[in-house]
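What follows is the residue order along each chain.
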Amino acid sequence: MKKYIPKFIKYPLIVLYVFGRCILRGLPAKGVRLNLAGVLPPKGPKKIVHGGKVKLLHLRERFGDTWKNFNIAYFVSSGLPFAPALWMKIYKLFGIKAVWNQNGVAYPALYSEETVSRINRLLKPMHLSDHVIYQTEFTRRSADKYLGQFHGNSSVIINPVDTKKFRPANAPLAAEPLVLLMLGNHFESKERMDVSVGALKILRGKGLNLKLIIIGRMDMDYGVEEGWIEKRGAYSQEDAPALFQSAHIFLHLKCLDPCPTTVLEALASGLPVIGLDNGGMP
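Thresholds, definitions, all that
Residues numbered from 1 in each chain as written. Predicted model: local features only at pLDDT ≥ 70, side-chain atom pairs only at ≥ 80, totals over all residues. Heavy atoms only, no water. Helix = DSSP H or I, 4+ residues; strand = E, 2+ residues; numbered from the N terminus. Buried < 20%, exposed > 50% of the residue type's maximum accessible area, 1.4 Å probe, protein only. Phe/Tyr/Trp six-rings, centres within 6.5 Å; stacked < 30°, edge-to-face > 60°. Core = buried A, V, L, I, M, F, W, Y, C linked by side-chain atoms within 4.5 Å. Contact = heavy atoms within 4.5 Å. Arc of directions from axis to C-beta. Expected span 1.5 Å × (residues − 1). Lys, Arg positive; Asp, Glu negative; His and termini not counted. Salt bridge = Lys/Arg side-chain N within 4 Å of Asp/Glu carboxyl O. Patch = residues over 30% accessible without salt bridge, like charges linked within 9 Å, V, L, I, M, F, W, Y side chains within 5 Å. Areas by Shrake-Rupley, 256 points an atom, 1.4 Å probe, with all protein chains shown as cover. pLDDT = per-residue confidence, 0-100. Pairing = 2+ DSSP bridges. Right-handed = clockwise from strand over helix to strand, strands pointing away.

Glycine aside, the phi torsion of most residues is negative, and most peptide linkages are trans. Cis geometry is found at the peptide bond from E176 to P177, where omega equals -5 degrees. The topology assignment puts P177 in the loop between β5 (153-156) and β6 (178-183). The backbone of A83 shows a phi angle near 55 degrees, a positive value even though the residue is not glycine. Position of A83 relative to the elements: it lies in the loop between β2 (72-76) and α3 (84-93). A relative accessible area of 14% means that A83 is categorised as buried. In this model, C259 sits at a positive phi of 100 degrees, which is unusual for a non-glycine residue. As for its placement among the helices and strands, C259 is situated in the loop between β9 (249-252) and α8 (261-268). According to the relative accessible area criterion, C259 is buried, its value standing at 9%.

In structure tokens, the structure reads:
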């Protein structure tokens, strides 16, 4: 329903909602009481959460996510609520500290001028925060260039991986076929898909027995209808460890990636990663 509400109505509703929540929260706690701005779905083993919001799952598991007595609000740049600047300004009125986790930005070489302006404008509220966490050092440099340098407290913290869940399989896979795995939002780049599939076609032409598993959102059909390619839909975090254990190699050819959690989860699962030597990947 939210997408059908006009923006000029959404803004006052957000103000009333966040203001009311802050008033009803009670006295702030002495320890860490975290609020995640309501961007996560309710807890459940099959809830689909992807992108930057995945790290919020780890935070919720460790610190909780509450509207009662909270004293820290946590935002992830790739999983923001509507009008994040409003949220942060209201939080500040109540003395609530805001932490901003900065992932990637939009680059002129990859997107149109209009898209770059629109996306990076959404990330400007970063400058209202009390502390910024950058996903990688590359992410810090990108933010400095396209969002403006942040002059407050900041840290570089690589995304977390639970190595009790993500670990190598107990038994090795069969040697053939050699299974390659691709995860993520593949709608973002036709070139990325063409290069990945094209390279594997060449290797198959040389006699290598390959299978490619593509998991995640695909808004367009890139002509990937080969018999050796298996396409699946979205997956939950509960499903992820078994997915990584079902492959030999993780293929991730996104250009200038800030370095997603999936790459680290693949490494923790014992998978070699084929990726581009740019962005945050190194």
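Structure's up, so let's keep going.
A separate point is the packing of aromatic side chains. Going through the model one piece at a time under the given rule, you end up with 14 aromatic pairs. Arranged with centres 5.8 Å apart and planes meeting at 80 degrees, the rings of Y17 and W67 form a pair that is edge-to-face. Of this pair, Y17 sits in helix α1 (residues 7-24) while W67 sits in the loop between α2 (54-63) and β2, placing them 50 residues apart in sequence. Taking the relative accessible area as the measure of exposure, Y17 reaches 38% and is therefore partly exposed. W67 gets classed as buried once you look at its relative accessible area, which sits at 15%. On the basis of an interplanar angle of 75 degrees and a centroid distance of 5.4 Å, the ring pair of F19 and F94 is categorised as edge-to-face. Here F19 is found in helix α1, whereas its partner F94 is found in the loop between α3 and β3 (97-102), with 75 residues between them in sequence. Assessed through its relative accessible area of 32%, F19 is described here as partly exposed. Joined through ring pairs, the aromatic side chains of Y17, W67, F70, F75, W87, Y91 and W100 make up one cluster.

This part takes up the nonpolar core. Grouped together as the largest cluster of nonpolar side chains are 37 residues, with contacts concentrated most on L56, Y74, F75, W87 and Y91. In contact with F75, other than residues within four places in its own chain, are A37, L80, P81, W87, M88, Y91, A98, V99, W100 and N101.

Among all positions of α3, only P84, W87, M88, I90 and Y91 are buried. Axial view of α3: buried residues confined to an arc of 165 degrees, hence all on one face. Along its buried surface, α3 packs onto α1, β1 (34-35), β2, β3 and α4 (113-122). Within two residues after α3, G95 carries a phi angle of roughly 75 degrees, on the positive side.

A few words now on helix α6 (residues 190-205). Between the first and last C-alpha of α6 there are 22 Å, a value that for 16 residues agrees with the 22 Å anticipated at 1.5 Å per step. Among the residues making up α6, those that are buried are R192, M193, S196, V197 and L200. Along α6, the residues classed as buried sweep out an arc of 115 degrees about the axis, all on the same side. Exposed side chains of α6 directed beyond 90 degrees from the buried face belong to E191, I202 and G205. Looking at the buried positions of α6, the neighbouring elements they touch are β6, β7 (210-215), β8 (229-232) and β9.

Right, let's talk about the side chain of R25 for a bit. Summarising the element assignment, R25 is placed in the loop between α1 and β1. As a buried residue without a salt bridge, R25 has its nearest oppositely charged side chain in D130, at a separation of 11 Å. Once residues lying within four places of it in the same chain are set aside, the contact partners of R25 are W67, K68, N69, F70, N71, F94 and I96.

Inspection of the secondary structure puts A266 in helix α8. In this structure, the C-alpha to C-alpha distance between A266 and N101, residues 165 residues apart in sequence, is 22 Å. Setting aside residues no more than four positions away along its own chain, A266 makes contact with F244, F250, L271 and V273.

Moving on, we get to a nonpolar patch on the surface. Nonpolar side chains collect at one region of the surface, where I5, F8, I9, L13 and L16 lie side by side and expose about 500 Å² of accessible area between them. Mapped onto the elements of the fold, I5 is located in the segment before α1.

With that out of the way, let us pick up the confidence of the model for the chain. For any part of a model where pLDDT is low, the fine detail of the predicted coordinates should not be relied upon. Taken over all residues, the pLDDT of the chain has a mean of 89, while the share at 70 or more is 92%. Looking over the chain, one finds the lowest element-wise mean pLDDT in β8, namely 86, and the highest in strand β4 (residues 131-134), namely 98.

As a further point, take the pairing of β3. For β3, a buried count of five out of six residues is recorded, marking the element as mostly surrounded by other parts of the structure. Across five bridges, β2 lies against β3 in parallel orientation. Counted as the bridge partner of I72 is K97 from β3. With α3 bridging β2 and the parallel β3, this β-α-β connection has right-handed handedness. Relative to β4, β3 runs parallel, the two being bridged by four bridges.

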